[in-house]
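Survey of secondary and tertiary structure
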Amino acid sequence: MFQDPPVTVVDEVVVTAPRLPPAAGDAAFSVTRIGPETLDGEARLDEALGTVPAVGLFRRTTSLTANPTTQGLSLRAVAPTGAGRALVTLDGVPLNDPFGGWVIWSRQPVEGLSGLDVVRAGGTGPYGAGALTGAVVLRERDDGGAITAAVGQRGSARVAASGTGDLGPLRWVATAGHESTEGHVPVRAPDRGAADRPLDLDALSGSLRLDLPAGPVLISARASAYREDRGSGLDGARATVEGTALSLTAARAPTDQAPGWRVQFWRGTSDLQNSSVAVAADRSMTTPANDQFATPAEAWGLNAAWRGRRGGLEGELGLDARIAEGETNERFRFMGGQFTRTRQAGGETSVVGAYAEGSWTGGPWLVAGGLRLDRWEATGGFRREADAQTGAPTLDSPSPDRSGEVVSARLGLRRALTPDWSVRAAAYTAFRPATLNELHRPFRVGADVTEANAALEPERLSGAEIGLARETARLDLRATAFAVRVEDAIVNVTVGAGPGTFPVAGFIPAGGVLRRRQNAGSIDAMGLELDAAWRPTDGLTLRAAVSATDARLDGGAAAPQLTGLRPAQAPIWSATAGADWVFAAGWTLSADARWESRRFDDDLNSRALDPALTLDARVERAFGPTTLWIEALNLTDADLETAETGTGVASYGPPRTLWVGVSRRW
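Residues numbered from 1 in each chain as written. Predicted model: local features only at pLDDT ≥ 70, side-chain atom pairs only at ≥ 80, totals over all residues. Heavy atoms only, no water.

1. Comments concerning the overall build of the chain
Basically, it comes down to this: Secondary structure elements follow DSSP: runs of H or I of four or more residues count as helices, runs of E of two or more count as strands, with numbering from the N terminus. Our radius of gyration looks at C-alpha atoms and nothing else; its globule reference is 2.2 Å times the residue count to the power 0.38. Throughout, exposure labels follow a simple rule: accessible area from a 1.4 Å probe, protein chains only, divided by the maximum for the residue type, with under 20% read as buried, over 50% as exposed, and the rest as partly exposed.
What the chain contains, in helices and strands, is 3 helices and 41 strands. In terms of overall size, the chain behaves like a compact globule, its C-alpha atoms giving a radius of gyration of 24 Å where 666 residues would be expected to give roughly 26 Å. Along the first, second and third principal axes, the C-alpha atoms of the chain reach 70 × 55 × 55 Å. For the chain, the residues scored as buried account for 56% of the 666 residues in total.

Spelled out as structure tokens, the structure:
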């Protein structure tokens, strides 16, 4: 819940921390800024992003209950995936997992951020590979501090804090957070059985950044670590993920007299342990199905940028490189009370790119554009399976090395029609290489099995949009119409149904299906985004937004059965509405509603998830910088259907949950 609406125009200059200020050309594209007022009212970063329609995780869940492998972020409802089709960065460092592309949102408490930008368009320029449908650019706080402590129903508790200070010439920024909950059972009666368990969670994170000024140059070093352990809703099914990140940055802000630049080196690690089970037909018990006991992965990268400006001209040259390697280690094929097979699969991916961006501002006109060249590689791929008892190999399937080049570009135009009204248009292309997870890791959810595909090609997107905006002290109106096409879309395609035994994948039980990741033709999407914020008085803000996206698949020769269907997990309609009302001195009442139309849980559109409407409410009492608050999430206890099995058993999101907490900002 938030006090002030997001702002589209992002032309102010911020000269702090190890980052360059926003580029002047950003205002020509679809950029939504979320400030600290929004973040202060949210417990999790992905939930703050959810205030923007059609922005969210792969499934209808938040990071409170989502398995790590489904926490991929997608912008616009073009075609969400578990890997995500958006790039998320924190002051230049990618937060997408080096193995799977998803984002562990608990690693970054909202208290440690000063704000973020949501770029809802194909990302070229400084965003590069992975920003297929756009990018989320996070900014760590540079001064002040925040602390939150709260308790909620079902054994829930959260505490997080962030602060800044000086140690001689050093400036430090520290953030830490911990959240735990006993969780809710996603399957309800009469389908619920003894095998169903709560989605419990225990998450811990911490980071420390040190800034050292050296004349006009700022040198910054940052280290962070995180770990979360969660139940997956069934007896014996759990997921644990942990990781670290290190970065070293030097930056100089541009001025009218001298150009600015930034150079950054970073390294990240992650490790996922994920166990899955088979469920009895009456859900009375489970049997181990897969034990992914280690998925060590690490990534390295560098990025550098030079930016200069003179008069109304601004230009930027940059380069970046990302290298990731990792592998999955698993036990599977549970027979006779033990796992009888082992699997090891993985490889290495890399992307190296260079770009040039420029903009010109003259009177009411802004013209911005950029060109980018990337080379991608997928090398060293392997998949080895063996008998668990004897070690005798049962499968040895190396993957051929592959590589290619991708040219992408963007062009945007903005014109101020009056002091309040502006119009803009943009066209862009982007690409996303397959993750190590998509290339090499098969996985199982209940009775459904999805096979990896080491031959996946990068996805490519081309799109165009037009926008109209009015921004005044009392009323903001924004409208954007867009059309995009995703070529070589990576889709989990159904290739068989159980019961039956299939090559490589093995036995698929009754009610389960076998899917395989494929470059399944193309996805065409057209959409309209509308949002408004009205401040009739100083103490009242009303806001509403709606997104309509009609996305359709053309499976071509690779998957003709998908032609004409909607991508999985892509609703046509989503809308948000809310109000913040200061009804007495120190008192604030906030309410937020979110609605979306039905979506499909599978590629064949055979498992429909019902439309969903949820309402959250919050009452705050401020005592100077300290605020006491009570919050009700899913106030009406609405049924939020999040998944459905092949036998028709539905899972649901959290029921009504009451929280009480205290926050302090300074």
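There is more to say after this.
2. Topic: the sheet that holds strand β24 (residues 448-451)
Backbone hydrogen bonds hold the strands of a sheet together, and the pairing may be parallel or antiparallel. Let me state the cut-off plainly: Should DSSP find at least two bridges between two strands, the strands are taken to pair. Axis lines are fitted to C-alpha atoms, over the contacting stretch for helices. Their N-to-C directions set the angle, which ranges from 0 to 180 degrees.
Strand order in the open sheet formed by 4 strands is β23-β24-β30-β27, with mixed pairing between adjacent strands. The sheet terminates laterally at β23 (443-445) and β27 (490-497), the two strands that pair on one side only. Sheet twist, expressed as the average angle between the axes of neighbouring strands with direction ignored, equals 25°. Looking at chain direction, β27 and strand β30 (residues 513-519) are connected through 7 bridges and run antiparallel. Its bridge partner being in β30, A497 is matched across the sheet by V513.

3. Overview of the sheet that holds strand β5 (residues 93-94)
Pairing is mixed across the open sheet formed by 5 strands, whose spatial order is β1-β6-β7-β4-β5. Each edge of the sheet is formed by a strand with only one pairing partner; in this case those strands are β1 (31-34) and β5. Relative to β5, strand β4 (residues 87-90) runs antiparallel, the two being bridged by 2 bridges. Along β5, the bridge assignment pairs T89 with P94.

4. Side note on the pattern of salt bridges
What counts is decided by this rule: Any carboxyl oxygen of Asp or Glu that lies within 4 Å of a side-chain nitrogen of Lys or Arg is treated as forming a salt bridge with it.
This structure, assessed with the given rule, holds 59 salt bridges. Of the charged contacts in the structure, one is a salt bridge between R76 and E465, with a shortest N-O distance of 3.1 Å. Taken together, the positions of R76 in the loop between β3 (73-75) and β4 and E465 in strand β25 (residues 459-471) put the pair 389 residues apart, joining distant regions of the chain. Its relative accessible area of 3% is what places E465 among the buried residues.

5. Thoughts on the packing of aromatic side chains
Any aromatic ring pair is given by two values, namely how distant the centres are and how the planes are angled relative to each other. For the record, the criterion: Pairs were defined over the aromatic rings of Phe, Tyr and Trp, the Trp ring being its six-membered one, requiring ring centres within 6.5 Å. Orientation was assigned from the angle between planes: stacked under 30 degrees, edge-to-face over 60, tilted for the rest.
Taken as a whole and assessed by the stated rule, the structure comprises 3 aromatic pairs. Ring geometry for W581 versus F583: centroids 5.5 Å apart, planes at 50°, classification tilted. According to the relative accessible area criterion, F583 is partly exposed, its value standing at 37%. Relative to W587, the ring of F583 has its centre 6.0 Å away and its plane inclined at 40°; by these criteria the two rings are tilted.

6. Re the environment of W306
Its location among the elements puts W306 in strand β16 (residues 297-310). Given a relative accessible area of 41%, W306 falls into the partly exposed group. Separated by 46 residues in the primary sequence, W306 and G260 have C-alpha atoms spaced 5.9 Å apart.

7. Quick word on a nonpolar patch on the surface
This is how the line gets drawn: Patch rule: a residue counts if its relative accessible area is over 30% and it has no salt bridge; like charges are joined within 9 Å, and nonpolar side chains (Val, Leu, Ile, Met, Phe, Trp, Tyr) within 5 Å. In short, Shrake-Rupley with a 1.4 Å probe defines the accessible areas, and a residue's cover is counted only from the protein chains shown.
There is a patch of nonpolar side chains on the surface, built from L212, I219, L248, V263, F265, L302 and L319 and spanning about 550 Å² of accessible area. Note on placement: L212 falls in strand β11 (residues 201-214). Residue classification places L212 among the partly exposed residues on the basis of a relative accessible area of 34%.

8. Observations regarding the nonpolar core
Convention followed: Here the nonpolar core consists of buried residues drawn from Ala, Val, Leu, Ile, Met, Phe, Trp, Tyr and Cys, with membership extended through side-chain atoms lying within 4.5 Å. We call two residues contacting when some pair of their heavy atoms lies within 4.5 Å.
The biggest cluster of nonpolar side chains holds 26 residues, and the ones touching the most others in it are V78, V484, V486, V491, I523 and L562. Going through the elements one at a time, β19 (365-387), β22 (421-432), β26 (475-487), β27, β31 (522-537) and β32 (540-554) are the ones with two or more residues in this core. For this core, the element with the most residues is β26, which contributes 3 residues. The contact partners of V78, leaving out residues within four places of it in the chain, are V484, V486, I523, A525, T549, A551, P567 and A570. Membership of the second largest hydrophobic core comes to 23 residues, among which are L39, A66, L75 and V103.

9. Focus: the pairing of strand β15 (residues 286-294)
The two faces of a sheet get side chains in turn, since along a regular strand they alternate between them. Relative to β15, strand β14 (residues 260-279) is paired through 6 bridges, and the arrangement is antiparallel. Among the inter-strand pairings, V279 is bridged to a residue of β15, identified as T286. The antiparallel pairing of β14 with β15 creates a hairpin that spans 6 residues between the two strands, and R283 there sits at a positive phi of about 55°. Inspection of the sheet shows β15 paired to strand β17 (residues 313-335) by 4 bridges, in the antiparallel sense. In the strand pairing of β17, Q292 is matched with E330.

10. So, the environment of S247
Relative to the helices and strands, S247 is located in strand β13 (residues 238-252). Remark: the alpha-carbon pair of S247 and G268, spanning 21 residues in sequence, is separated by 8.7 Å. Other than its neighbours up to four places away in sequence, S247 contacts V93, S220, A221, R222, F265 and W266.

11. What about unusual backbone geometry?
Cis rather than trans, the peptide bond between A189 and P190 has omega equal to 5°. Summarising the element assignment, P190 is placed in the loop between β10 (170-181) and β11. Despite not being glycine, R76 has its phi angle at roughly 65°, a positive value. What makes R76 buried here is its relative accessible area of 4%.

12. Some points on the side chain of R478
Spelled out, the test is: Polar contacts, as counted here, are pairs of nitrogen or oxygen atoms within 3.5 Å of one another; within protein the pair requires one atom able to donate a hydrogen and one able to accept it, and residues that are adjacent in sequence qualify only if both atoms are side-chain atoms.
As for its placement among the helices and strands, R478 is situated in strand β26. On the accessibility criterion, R478 (9% relative accessible area) is buried. For R478, the side chain forms a polar contact with the side chain of D531, separated by 2.8 Å.

13. Quick look at the environment of E631
Along the chain, E631 turns up in strand β38 (residues 626-633). Spatially, the C-alpha atom of E631 lies 9.8 Å from that of G41, the residues being 590 residues apart in sequence.

14. Re the confidence of the model for the chain
Filter applied, for reference: A score from 0 to 100, pLDDT tells how confident the predictor is in each residue.
Per-residue confidence for the chain gives a mean pLDDT of 92, with 97% of residues at or over 70. Across residues 1-15 the pLDDT falls below 50, and counting only partners more than four positions away or on other chains, this stretch makes 50 contacts in the model.

15. What about the pairing of strand β33 (residues 573-584)?
Both β32 and β33 contribute to a ladder of 9 bridges, which runs antiparallel. In the strand pairing of β33, S547 is matched with S574. In this structure, β33 lies alongside strand β34 (residues 587-596), joined through 9 bridges in antiparallel fashion. Following the sheet pairing, A575 is matched in β34 by W595. Taking the residues that link successive antiparallel strands as the turn, the β33-β34 hairpin has 2 residues, and the phi of G586 there is positive, at about 85°.

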